[in-house]
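Analysis of the macromolecular model
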Amino acid sequence: MTEPRLRQAVRALLLDEDDQVLLVHFNWEGLDLPAGFWACPGGGIDPGESPEAALRRELAEELGLESLDVKGPVWRLTRLFPMSHWDGQTDVTYLVRAPHFKPHPRVDLLTENVHGIRWFTRAEVAAGVVTFSPRDLSEQLARVLDEGVPGRPREIPALG
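Residues numbered from 1 in each chain as written. Predicted model: local features only at pLDDT ≥ 70, side-chain atom pairs only at ≥ 80, totals over all residues. Heavy atoms only, no water.

**Observations concerning the overall build of the protein**
- When helices and strands are tallied, the protein shows 3 helices and 9 strands.
- Secondary structure elements in the protein, listed N-terminal to C-terminal, are β-β-β-β-α-β-β-β-α-β-α-β.
- Scored against the burial criterion, the 160 residues of the protein give a buried share of 43%.
- Total accessible area on the protein is roughly 8600 Å²; 53% of this is exposed by carbon and sulfur atoms. (Helix = DSSP H or I, 4+ residues; strand = E, 2+ residues; numbered from the N terminus. Buried < 20%, exposed > 50% of the residue type's maximum accessible area, 1.4 Å probe, protein only. Areas by Shrake-Rupley, 256 points an atom, 1.4 Å probe, with all protein chains shown as cover.)

Structure below.
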């Protein structure tokens, strides 16, 4: 059996001064999620690009965010799903702090399958008001807020 071709990507657990988390809405055809899901913003790492440079580029493109404080990687999630040139993706999510702001995307987000951006309170995340990725985002968020950035990113099980 051949190893899956995995796209390497970075995401931001982006928190404001009140610990609200900014998420983007994806709606992929073929997924068993009719309302889509909300996930941390980010994207693929270009050849020769460092993870932090990719993260800063993605947040500037998707959110118009230039001023941010990258604290470090908090978790890694690998999922297999059909993509044009890949069998799936490995996301490393970084804790990022920034003052609350209104996103101003610099790219057409629909071409990246992003259908919305919004801030969620910690209570909304805990209540599971929508489908999140990772599914246990509330637990992951609480852990990061309680423990900070771990020595190495936690591995989230593929179904998490």
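**So, the environment of D19**
- Mapping D19 onto the fold places it in the loop between β1 (6–15) and β2 (21–26).
- Through-space distance from the C-alpha of D19 to that of F120 is 9.1 Å; in sequence the pair is 101 residues apart.
- Once you skip the residues sitting within four places of it in the chain, D19 turns out to touch R97 and L145.
- Reaching out from D19, the side chain makes a polar contact with the side chain of R97 at a distance of 2.8 Å. (Contact = heavy atoms within 4.5 Å. Polar contact = N/O pair within 3.5 Å; in protein donor to acceptor, adjacent residues only side chain to side chain.)

**A few points about the pattern of salt bridges**
- Taken as a whole and assessed by the stated rule, the structure comprises 12 salt bridges.
- A salt bridge links R97 to D19, with the shortest nitrogen-to-oxygen separation between them at 2.8 Å. Taken together, the residues R97 in strand β6 (residues 88–97) and D19 in the loop between β1 and β2 connect sequence positions 78 residues apart.
- Looking at R97, the relative accessible area reads 27%, which means it is partly exposed.
- With a closest N to O distance of 3.5 Å, D46 and R57 form a salt bridge. Here the residue D46 occupies a position in the loop between β4 (42–44) and α1 (51–63), and R57 occupies one in helix α1, the gap between them amounting to 11 residues.
- Using a relative accessible area of 21% as the deciding quantity, one classes R57 as partly exposed.
- Beyond isolated ion pairs, a larger network of salt bridges with shared partners links D46, E49, R57, E58 and E61. (Salt bridge = Lys/Arg side-chain N within 4 Å of Asp/Glu carboxyl O.)

**As for the packing of aromatic side chains**
- For the structure shown, the criterion picks out 4 aromatic pairs.
- Aromatic side chains W38 and F120 sit 5.2 Å apart centroid to centroid with 70 degrees between the ring planes, which places their arrangement in the edge-to-face category. Of the two residues, W38 sits in strand β3 (residues 37–39) while F120 sits in strand β7 (residues 114–120), which places them 82 residues apart along the sequence. Considered together, W38 and F120 belong to a single accessibility category, that of buried residues.
- Between F120 and F132 the ring centres are 5.4 Å apart and the planes differ by 80 degrees, which places this aromatic pair in the edge-to-face class. With F120 in strand β7 and F132 in strand β8 (residues 132–133), this pair connects stretches of sequence that are 12 residues apart. (Phe/Tyr/Trp six-rings, centres within 6.5 Å; stacked < 30°, edge-to-face > 60°.)

**Focus: the side chain of D91**
- Here D91 is to be found in strand β6.
- For D91, a relative accessible area of 12% puts it in the buried group.
- Looking at D91, its side chain comes within polar contact range of the side chain of R11, at 3.4 Å.
- Those residues within four positions of D91 in sequence are excluded, and the remaining contacts are A9, R11, W75, R76 and L77.

**With respect to the pairing of β2**
- Of all 6 residues in β2, 6 are buried; the element is thus mostly enclosed.
- Burial of β2 is two-sided: the residues V21, L23 and H25 facing one way and the residues L22, V24 and F26 facing the other way are all buried.
- As paired strands, β1 and β2 are joined by 2 bridges and run antiparallel to one another. If you follow L15 over to β2, its bridge partner there is V21.
- Here 6 bridges tie β2 to β7, and the two strands are oriented antiparallel to one another. (Pairing = 2+ DSSP bridges.)

These figures capture arrangement, not role.
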